[in-house]
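Report on the structure
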Amino acid sequence: MANRLVFATNNQHKTSEVRELLKPNYEVLNLTDIGCEYDIPETGETFAENAALKSAYVVENYHIDCFADDSGLEVEALNNEPGIYSARYSGKRGDAENLHFLLQKMGGMTNRRARFKTVISLIKDGQNYFFEGVIEGTLRTEPTGEKGFGYDPIFEPNGYNITFAEMEMGEKNQISHRALAMQKLITFLQQSV
Ligand code: IMP
């Protein structure tokens, strides 16, 4: 019988992708599938802490093994801000507001180095495992491209001369921080069936 595993997300698209990759050894459920409507507070100080708050909430309340992710952008010249505050850097949740707030804050700074980071917390059989994915790049001074979300229009991954927002989704999903962390999780799960 397949092992049941919750992915602590409401995003149906993310769930389907992981579900496909883990078939037939794992049955992947998301928060909607288990009837969890609670907005789990992300009060940690790191991506790992926030991811672990989400996975622990599900395990404690639903008694099913669970993994959760937390991501954000770290800008070198801003002491790694916005980091865990990426989704609400400007004080609001809007992607465009946050991107423009960041560009304003950076002004004419010449060090444009930045990285996207994802940390996944997996609680399996009572143990917490962490998987990290990072992609390094530079920040443009003007947004370019229509695809993606968040800070994609200003993030140019190293080795490319286009932004994440100009990249086909399939290509971004091969090299992104989230994809790298997910690949590590999937490899671990496949090896520990
Ligand atoms: P989450 O933890 O995946 O929900 O990401 C938190 C925030 O980080 C998002 O709301 C975005 O502002 C930013 N972020 C995370 N991943 C990406 C990405 O792939 N592209 C652009 N922005 C991202």
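For the structure itself, consult the block above.
Residues numbered from 1 in each chain as written. Predicted model: local features only at pLDDT ≥ 70, side-chain atom pairs only at ≥ 80, totals over all residues. Heavy atoms only, no water.

**Overview of the site of the ligand**
Taken together, 13 residues lie near the ligand, and S71, D152, K172, H177 and R178 sit nearest. At 3.3 Å from an oxygen atom of the ligand is found a side-chain nitrogen or oxygen belonging to D70. Within the side chain of K172, an N or O atom sits 2.8 Å from an oxygen atom of the ligand. A total of 470 Å² of accessible area belongs to the ligand in isolation, and the protein chains cover 85% of it. Taken together, the elements giving at least two residues each to the shell around the ligand come down to strand 3 (66–75) and helix 6 (177–191). A per-element tally of the shell around the ligand places strand 3 first, with three residues. Residues of the shell around the ligand, tallied by class, amount to four nonpolar, five polar and four charged. (Near = heavy atom within 4 Å. Polar contact = N/O pair within 3.5 Å; in protein donor to acceptor, adjacent residues only side chain to side chain. Areas by Shrake-Rupley, 256 points an atom, 1.4 Å probe, with all protein chains shown as cover. Helix = DSSP H or I, 4+ residues; strand = E, 2+ residues; numbered from the N terminus. Nonpolar A, V, L, I, M, F, W, Y, C, P; charged D, E, K, R; others polar.)

**So, the packing of aromatic side chains**
Scanning the entire structure with this criterion turns up eight aromatic pairs. Where Y89 meets F101, the ring centres are 5.0 Å apart and the plane angle is 90 degrees; that geometry is what we call edge-to-face. Of the two residues, Y89 sits in the loop between strand 4 (81–82) and helix 4 (95–106) while F101 sits in helix 4, which places them 12 residues apart along the sequence. Taking the relative accessible area as the measure of exposure, Y89 reaches 11% and is therefore buried. (Phe/Tyr/Trp six-rings, centres within 6.5 Å; stacked < 30°, edge-to-face > 60°. Buried < 20%, exposed > 50% of the residue type's maximum accessible area, 1.4 Å probe, protein only.)

**Here's the deal with the pairing of strand 5 (residues 113–124)**
Most of strand 5 is tucked away: 11 of the 12 residues are buried. In terms of strand pairing, strand 3 meets strand 5 through 10 bridges, oriented antiparallel. In the strand pairing of strand 5, G72 is matched with K117. In the sheet, strand 5 pairs with strand 6 (residues 127–139) via 12 bridges, with the strands oriented antiparallel. By the bridge assignment, R115 is partnered in strand 6 with E136. (Pairing = 2+ DSSP bridges.)

**Quick notes on the nonpolar core**
Membership of the largest hydrophobic core comes to 18 residues, with the highest contact counts inside it found for L73, V75, L102, L139, Y151 and F155. Counting only elements with at least two residues in this core, the list comes to strand 3, helix 4, strand 5 and strand 6. It is helix 4 that provides the largest number of residues to this core, a total of four residues. Apart from residues no more than four positions distant in its own chain, F155 is found in contact with L73, A114, R115, F116, I135, E136, G137, T138, L139, I162, T163 and F164. (Core = buried A, V, L, I, M, F, W, Y, C linked by side-chain atoms within 4.5 Å. Contact = heavy atoms within 4.5 Å.)

**A short note on helix 1 (residues 12–22)**
Because an α-helix packs 3.6 residues into every turn, residues spaced three or four apart end up facing the same way. Looking at helix 1, one finds that the buried residues are T15, V18 and L22. Mapping the buried residues of helix 1 onto a view down its axis gives an arc of 75 degrees, with all of them on the same face. More than 90 degrees from the buried face of helix 1, the exposed residues found are E20 and L21. Residues of helix 1 that are buried in the fold lie against strand 1 (3–7), strand 2 (26–30), strand 3 and helix 6. (Arc of directions from axis to C-beta.)

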